Amino acid sequence: MKNLDEAEVLDIVSQGRNAAEHVVVAMLDGLETEHPAVYRVIYGEPCDAIASINKDMANLYLDLSCDVVWVFDRAFGKPPKIENEEDWVFRRLALIDAELKSLSKEISMDDRFRDRLQERFVKRSMEANVQLALLKHLENEVLKYASWKKQRTRAVQMTNNLLFVLVRLLGELYSTQAPKAR
C-alpha cells in the first residue's frame, strides 16, 4: 500500500464529497456488512465519547470518518476479509491505545516499558503505512471547524486521536493483505 500525497488525498476527498449520496451510502453499507467491527469504530463508542464533550465535533468525526473510508476504498479497493474480525479489531485497538498512552508523560508507567511502547508505536505505524497526508488533512479540518465555535475546542484532541486510530486501524486492515488498487 503506497502512501498518498496531499494532492491525491484532496482529490479523493473532493470526489467523495461530490459523489451521489447513494454511492456513499452503498460504500458505508458495504463496510457495515463486511467489517462490522471496523464500522463500530466509527458509529459506536468513539462517536459517543466525542458527543459527550461536544455534539458538533461528534458530527464532524462522522463526516471525516466517511472521508477516511472513502479515501481507503477509492485508493486501495475493498479491504480484505479478516477471520475473527471482532477479536482482531479489539486487539489492534488495545495495542494502539497503549502505544498512544505511552506518548503522554501524564500517564505513569515504567520508563523501559514506555520506551518499548513508543518504539513499537513508530514501527507499527510505519508497517501499517499510516497515511500522513490524510492525517494532516483531517487535523486541518478539525482545527478549522473547531475555530468557528469556542465550545468545540474541548473536543479537538479526542476527535483528532480517534481519527488517527481509525486511519491506523484501516492501514493495518489493508496491510494484512495487499488488495489491488483501483
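Structure shown above.
Since the model is a prediction, treat every value here as computed from it, not as a measurement.

1. Concerning the pattern of salt bridges
Part 1: Under the definition given, this model contains 11 salt bridges.
Part 2: The closest approach of N and O atoms between Arg-17 and Asp-67, which form a salt bridge, is 2.5 Å. Remark: Asp-67 occurs in helix H5 (residues 55-76) and Arg-17 occurs in helix H1 (residues 6-18); sequence separation between them is 50 residues.
Part 3: In this structure Asp-67 comes out as buried when scored by relative accessible area, which is 7%.
Part 4: Via salt bridges that share partners, Asp-56, Lys-149 and Arg-152 belong to a single interconnected network.

2. Looking at the packing of H1 against H5
Part 1: Remark: H1 packs on H5, axes separated minimally by 9 Å, with the N-to-C direction vectors making an angle of 115°. Taken together, the axes of H1 and H5 lie roughly perpendicular to each other. Between H1 and H5 lies a crossing of right-handed hand. On the side of H1, the interface is formed by Ile-12, Val-13, Gln-15, Gly-16 and Arg-17, while H5 contributes Leu-64, Asp-67, Trp-70, Val-71, Arg-74 and Ala-75.
Part 2: Among the residues making up the contact of H1 with H5, the classes are represented as six nonpolar, two polar and three charged.

3. Let's talk about the layout of surface pockets
Part 1: Here the second largest pocket is characterised by a volume of approximately 230 Å³.
Part 2: In terms of lining, the second largest pocket is formed by Ala-37, Arg-40, Val-41, Glu-45, Pro-46, Glu-86, Val-89, Phe-90, Leu-93 and Ala-94.
Part 3: Listed by contribution, the elements that provide at least two residues to the lining of the second largest pocket are helix H3 (36-43), helix H4 (45-53) and helix H6 (85-102).
Part 4: For the lining of the second largest pocket, the element with the most residues is H6, which contributes five residues.
Part 5: Per-class residue counts for the lining of the second largest pocket are seven nonpolar, no polar and three charged.

Definitions and cut-offs
- Residues numbered from 1 in each chain as written.
- Predicted model: local features only at pLDDT ≥ 70, side-chain atom pairs only at ≥ 80, totals over all residues.
- Heavy atoms only, no water.
- Salt bridge = Lys/Arg side-chain N within 4 Å of Asp/Glu carboxyl O.
- Helix = DSSP H or I, 4+ residues; strand = E, 2+ residues; numbered from the N terminus.
- Buried < 20%, exposed > 50% of the residue type's maximum accessible area, 1.4 Å probe, protein only.
- Axes fitted to C-alpha atoms, helices over the stretch in contact; angles between N-to-C directions.
- Parallel < 35°, antiparallel > 145°, perpendicular 65-115°, else oblique.
- Left-handed = near helix turned anticlockwise from the far one by under 90°.
- Contact = heavy atoms within 4.5 Å.
- Nonpolar A, V, L, I, M, F, W, Y, C, P; charged D, E, K, R; others polar.
- 1 Å grid on protein atoms, 1.4 Å probe; cavity = no way out; pocket = protein on both sides within 12 Å on 5 of 7 lines; lining within 4 Å.
- Points joined across faces, edges and corners; volume = space filled by probe spheres on them.

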